[in-house]
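Descriptive structure summary
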Amino acid sequence: MRIRPCLVLATSLGLTLAAQTPPPAAPAAPAPAAAATPAPPAPGTVKWRGAFWASAAASDEQTADNSLFLRSMDAGNGQLTVDGLQFGADVTLTDGFSLKFTLLGGQDGKVLNAATTPAETGSLAWPEAQLIWTGAADTFKIGRMYTPMGMEVMDSTQDITASRGILFTYAIPFAQVGVNWHHAFTPSWSTDVWVYNGEDKVQDNNQGKTAGLGLTYNYGGAADKFVTLMVFSGPEQTTVGTGAVPGGEGYKRNRVSLAGQWVWGNSTLQFEGESATETMPAGSPKAQWSGGGLIYKYQFDDFWACFLRAETLKDDTGARLSGDPSTGSLVMADMKLKTPVLSPDLTAVSVALGVERKWKSTFTRLEVRQDSLNTAVLDQAGKTFKSAVSATWSIGTSF
């Protein structure tokens, strides 16, 4: 007997989903003539794209600084917030060259600007501005680009869950500026080389470069079944946000990142593993953090799906998790400075369960989530707690 995960949740939300027997197969039709290879877009062709996503979240524990526990990217307080408004263009040039531009606004644009080194203000960010050359087996990109790490992306319409995970929020960067070379040896095996100006920097100050190497395996050449292993090494800023000193790189960061996806039948499994170390100021221990997570989605039909996400992040010195403004006593009150008071041996765990309803490229998601930390934080009444349950409702569309 095959058990469908998440069915209990779907039932509890009052969803009645009847299993449907597929219709009998129609007689085989004569094979059509081979279609001609479509001609490439003419030079000067512009393809526009866009996306919009918003969410509302509430928790049973409100922290001392009125933020959601371990969810520093979310506005919280039960109000519907425009998380992202993305608009972009792909411009075909000539001889394999093209341009790609993406403008990101809303809460996520504000977060990206705050994380940028040196920090930028406002709710509009330019995470992508690239010159691209595409050949038979090679692709070169130069300019601003989203990070290749992780199982979640900044465009929430392309994600599975309703909320941002702890690995996406604390363990990996959002964007970078530099060069990427992708080479496909076969339909199944490919490599990537990156040279960029540090994590979450969207301005190149030429003070230090991070180098990365990636190896990807696509099962049978399928785009939806892959595993990618990446390693990165390079100097980083002494701090982030407005507290960063331009050109102040020097704290060496080494990172190993694993990400992948496997799709079979109605199921989708995404997984991620992160491990990093960073040299800290003299007299301070080397920062180390590591974590892993998975996201499982079951598609009942063209409209309904359910999903599960489970993650954990261990932060030996508190260099990452102490940057969460919701951890009250562990971090400076000024969120813009993002200057952590280091607290050792922090471990965060998060589990989320939810359902999704789609109408073609439009969706709504409802999710229940529990977050826990192995150290106590303060609530608004001055009491301490270590875990919180939150609910998230999100909507979005893309074109």
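See the structure shown above.
All of these numbers come straight from a predicted model, not from anything done at the bench. Positions within a chain are numbered from 1, following the residues in the order the chain's sequence is written. Reporting of local features is limited, given that this is a predicted model, to residues whose pLDDT is at least 70; pairs of side-chain atoms are given and counted only at 80 or more, and all residues count toward the totals for whole chains, interfaces and linings. Hydrogens and waters are ignored; side-chain quantities use all the structure's heavy atoms.

1. Let's talk about the packing of aromatic side chains
This is how the line gets drawn: Between rings of Phe, Tyr and Trp, where Trp is taken as its six-membered ring, a pair exists when centres lie within 6.5 Å; planes separated by under 30 degrees are stacked, by over 60 edge-to-face, and by other angles tilted. Numbering of helices and strands runs from the N terminus; a helix is a DSSP stretch of H or I covering at least four residues, while a strand is a stretch of E covering at least two. Buried means the residue's accessible area, taken with a 1.4 Å probe over protein chains only, is under 20% of the maximum for its type, while exposed means over 50%, and partly exposed covers the values in between.
One pass over the structure, following the stated rule, counts eleven aromatic pairs. Ring centres of Phe-69 and Phe-385 lie 5.2 Å apart, and the angle between their planes is 70°; this geometry places the pair in the edge-to-face category. Note that Phe-69 is positioned in the loop between strand S1 (46-59) and strand S2 (81-92) and Phe-385 in strand S16 (residues 384-398), a separation of 316 residues in sequence. Phe-385 shares its class with Phe-69; the two are buried. Here Trp-194 and Phe-232 contribute two aromatic rings whose centre-to-centre distance is 5.4 Å and whose plane-to-plane angle is 40°, an arrangement assigned as tilted.

2. Observations concerning the nonpolar core
Put simply, the rule is: Only buried Ala, Val, Leu, Ile, Met, Phe, Trp, Tyr and Cys residues count toward a nonpolar core, and they belong to the same one when joined by side-chain atoms within 4.5 Å.
One finds Phe-69, Leu-70, Phe-174, Leu-313, Leu-321 and Leu-373 to be the most contacted residues of the largest nonpolar core, which totals 37 residues. Sort the elements by how many residues they give to this core and helix H3 (residues 166-171) lands first, with five residues. Core analysis: the second largest hydrophobic core is formed by five residues, Tyr-296, Tyr-298, Phe-300 and Cys-306 among them.

3. Describing the pairing of strand S13 (residues 304-315)
Heads up, the rule is: Think of it this way: DSSP has to see at least two bridges between two strands before they count as a pair.
Where strand S12 (residues 287-299) meets S13, eleven bridges bridge the pair, whose relative direction is antiparallel. Across the sheet, the residue bridging to Ser-290 is Lys-314, located in S13. Strand direction decides the pairing type here: S13 and strand S14 (residues 346-359), joined by twelve bridges, are antiparallel. Note on S14: the bridge partner recorded for Glu-311 is Ser-350.

4. Quick word on the environment of Thr-210
Just so we agree on the cut-off: Contacts are assigned to residue pairs that have any heavy atoms within 4.5 Å of one another.
In this structure, Thr-210 sits in strand S8 (residues 210-218). A C-alpha to C-alpha distance of 10.0 Å links Thr-210 and Gln-176, two positions 34 residues apart in sequence. Excluding residues that lie within four positions of it along the chain, Thr-210 makes contacts with Trp-194, Val-195, Tyr-196, Gly-198, Phe-232, Ser-233, Gly-234, Pro-235 and Glu-236.

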